[in-house]
Amino acid sequence: MPTDTSTPTSTARASLTERVRVPDTALAREAAELVRDTASELIYHHSCRVFWFGALQGQRRDLSFDPELLYVGALFHDLGLGESFRSSGRRFEVDSADEARRFLQARGVPEDSVRRVWTAIALHTTPGIPSFMEPEVALVTAGVEYDVLGIGYEDLSPADRAEVVALHPRPDFKRRILGAFTDGVGPKPETTFGNVKADVLEHYVPGFERGDFVRTVLDSPWPE
């Protein structure tokens, strides 16, 4: 029997918030409150969009994922860019991941779930690896890549994009997020060796010299 095209399917009729739901748990609410209180509004709204875009990509890819873990991973993924972490000497991704781990362990979350969130955050700027890992790991990166880089932009409908941005606006986002990256990693430029944030500092920090992997190999103390 032919489909009645005059009546859209329930999926087509469903709004974004009917298809994707922010987890309504104490853990999720506490995570949102912590990030909203400690991060800038730029990072908070970006992190929320990462959840929405990651969840939508998860549905599109037919992945079975834990929305609560994806939500916490998305919310915490850029927390390490904050001023309190700029003297840590570590990659901001690790600072972010460690904050999420402390948060989850303090609330008795099982260690395997803690590991997934930690890994999702730690690898979110390491392209080519997360997509082969657990869904929560893959989808934090997918959400980041969608919101920051526009990777897979046409995968989602204009209506879904508009609804996400209405919930969590992104005014002047490109310029502002690059500024946040510069401020967050500029004080510890050595942490950008071999990763995408070296590009940011090369553009925005006068005198920055990116690490050279080949030169590092050739200049190592090993005698040849």
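Heads up: the structure comes first, above all this text.
In this text the structure is predicted, and so the values were computed from the model without any measurement.

S.K.: Explain the overall build of the protein chain to me, and be specific about the residues and the numbers.
M.R.: Secondary structure assignment for the protein chain yields 12 helices and 0 strands. Helices (α) and strands (β) of the protein chain occur, in sequence order from the N terminus, as α-α-α-α-α-α-α-α-α-α-α-α. Compactness check: the protein chain gives a C-alpha radius of gyration of 19 Å against a globular reference of 17 Å for 224 residues, within 12% of the reference. Each principal axis of the C-alpha atoms in the protein chain carries an extent, and together these give about 75 × 40 × 35 Å. Buried residues in the protein chain amount to 43% of all 224 residues. Side-chain charges in the protein chain split into 25 positive and 35 negative, and the spacing between the mean points of these groups amounts to 2 Å.

S.K.: Tell me about the side chain of Glu 145, and please be specific about residues and values.
M.R.: Its place among the elements puts Glu 145 in helix α8 (residues 135-149). Look at Glu 145: it is buried, it has no salt bridge, and the nearest opposite charge is Arg 61 at 6.1 Å. Residue contacts for Glu 145: discarding those within four places in its chain leaves Pro 127, Gly 150 and Ile 151.

S.K.: Could you give me a rundown of the nonpolar core, with the residues and numbers involved?
M.R.: Core analysis: the largest hydrophobic core is formed by 56 residues, its most contacted members being Phe 51, Leu 75, Phe 76 and Leu 104. Elements that contribute at least two residues to this core include exactly α3 (26-38), α4 (41-60), α5 (67-76), α6 (92-105), α7 (111-122), α8, α10 (173-185) and α11 (197-204). Take this core: its biggest share by element is 10 residues, from α4. When sequence neighbours within four positions are dropped, the list of residues in contact with Leu 104 reads Leu 27, Val 72, Val 109, Val 114 and Val 117.

S.K.: If you had to explain the packing of α4 against α8 to someone new, which residues and values would you point to?
M.R.: Two elements in contact, α4 and α8, have axes separated by 7 Å at closest approach and are oriented at 115°. The angle between α4 and α8 falls in the class roughly perpendicular. α8 is crossed by α4, and the crossing has right-handed handedness. Two secondary-structure elements touch here, α4 through His 46, Arg 49, Val 50, Phe 53, Gly 54, Gln 57 and Gly 58 and α8 through Leu 139, Val 140, Ala 142, Gly 143, Val 144, Tyr 146, Asp 147 and Val 148. Classifying every residue of the contact of α4 with α8 gives 8 nonpolar, 5 polar and 2 charged.

S.K.: A description of unusual backbone geometry should follow, citing residues and the corresponding values.
M.R.: Positioned with a positive phi, Asp 62 is a non-glycine residue whose angle comes to about 60°. Considering the arrangement of structural elements, one finds Asp 62 in the loop between α4 and α5. Classification of Asp 62 by relative accessible area gives exposed; the value is 70%.

Reading guide: rules and limits
- Residues numbered from 1 in each chain as written.
- Predicted model: local features only at pLDDT ≥ 70, side-chain atom pairs only at ≥ 80, totals over all residues.
- Heavy atoms only, no water.
- Helix = DSSP H or I, 4+ residues; strand = E, 2+ residues; numbered from the N terminus.
- Rg over C-alpha atoms; globule rule 2.2 N^0.38 Å.
- Buried < 20%, exposed > 50% of the residue type's maximum accessible area, 1.4 Å probe, protein only.
- Lys, Arg positive; Asp, Glu negative; His and termini not counted.
- Charge placed at Lys NZ, Arg CZ, Asp CG, Glu CD.
- Salt bridge = Lys/Arg side-chain N within 4 Å of Asp/Glu carboxyl O.
- Contact = heavy atoms within 4.5 Å.
- Core = buried A, V, L, I, M, F, W, Y, C linked by side-chain atoms within 4.5 Å.
- Axes fitted to C-alpha atoms, helices over the stretch in contact; angles between N-to-C directions.
- Parallel < 35°, antiparallel > 145°, perpendicular 65-115°, else oblique.
- Left-handed = near helix turned anticlockwise from the far one by under 90°.
- Nonpolar A, V, L, I, M, F, W, Y, C, P; charged D, E, K, R; others polar.

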